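Results of the structural survey
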Amino acid sequence: MKIKLFTLAALMLTFFSSCSTQSQKGKILVLYYSQTGTTQKVAEEICRQTGADIARIEALEPYGEDYQATIERWRKEKEEGVKVEIEPLTVNLEEYETIFLGFPIWGGTVASPMATFLSDYSLAGKKVVTFATFGSGGIKSATEDVRKVQPEAQIVEGYGVRNARIEKSVPEIERFLIEGGYVNGSVKPLPAYGETREVTEEDCLIFEKACSNYQFPLGTPVRVSQRVYEGTEEYRFEVKGQRPDGQETESTIYIVVAPGTEPEFTQVVR
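Fair warning: this is a prediction, and the values are worked out from it, not measured in the lab.

Definitions and limits used
Residues numbered from 1 in each chain as written. Predicted model: local features only at pLDDT ≥ 70, side-chain atom pairs only at ≥ 80, totals over all residues. Heavy atoms only, no water. 1 Å grid on protein atoms, 1.4 Å probe; cavity = no way out; pocket = protein on both sides within 12 Å on 5 of 7 lines; lining within 4 Å. Points joined across faces, edges and corners; volume = space filled by probe spheres on them. Helix = DSSP H or I, 4+ residues; strand = E, 2+ residues; numbered from the N terminus. Nonpolar A, V, L, I, M, F, W, Y, C, P; charged D, E, K, R; others polar. Pairing = 2+ DSSP bridges.

**Brief notes about the layout of surface pockets**
Empty space within the largest pocket amounts to approximately 1,500 Å³. For the largest pocket, the lining is made up of 47 residues, of which Gly107, Gly108, Ser136, Tyr214 and Phe216 are closest to its centre. Of all the elements in the fold, those that place two or more residues in the lining of the largest pocket are helix 2 (38–50), helix 3 (67–80), strand 3 (98–106), strand 5 (127–134), helix 5 (139–149), strand 9 (232–242), strand 10 (248–257) and strand 11 (264–269). Element by element, the count of residues in the lining of the largest pocket is highest for helix 3, at seven residues. Within the lining of the largest pocket, the residues separate by chemical class into 16 nonpolar, 22 polar and nine charged. Estimates place the volume of the second largest pocket at around 1,100 Å³.

**Looking at the sheet that holds strand 10**
Strand order in the open sheet formed by five strands is 7-8-9-10-11, with antiparallel pairing between adjacent strands. Both edges of this open sheet fall to strand 7 (197–198) and strand 11, since each of them pairs with a single strand only. Relative to strand 8 (residues 220–229), strand 7 runs antiparallel, the two sharing two bridges. Its bridge partner lying in strand 8, Glu198 is registered against Arg223.

Read these as spatial facts, not as claims about activity.
In structure tokens:
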């Protein structure tokens, strides 16, 4: 009986020592806001692969999962200058040196609850690595907005994924974390894109297959560069479009064609 009690005590000591070690190491935090659970999946995967602590930002008045209702509420709040209230944080930010900051993209920038967090809390002196989920893109512009609000933090643009591709995110997150030096490991470097050239009829067909099902027009491809690795083809299209007011726009659209799959676009950078 004494042996069993000793064994149990040893196991408990090991468990709590492990937790204590993680707490003492607690220099990395995954902090995120998620409306529908998509951003949460990325946050939990980063947490799993890094062993970081994790915490969630919550709106005092939660948004529902209905896309159109969320857009309507977001537009109304934006027009009226409403600052969305959030619940108090459950973690002490002072304990962390690096924060992975995650959010869905709304209107080309961080979701409103995350915007409130950024205005209410200081991240000065910390390394902040953004990650985002989105319908088409926006992590680049959102990261710039974070940088403007938190000028005393070291802001690093991190990982972004379309909601439609969330199930393919795990190996991409792994590569992102290894390449960024956030976890140990090695990956074969991706090749550089080739020389930019005028699009061909075949290029346009690939673009059409990748983008035709998207709910908004993405424009017309005019130039493209390409790279190939392990049977996967990636395209970087330069695209021209037009806003509703008639003003011309330019964007870059990335498309991937993995072996045995149809082309799909991964991100739009405007």
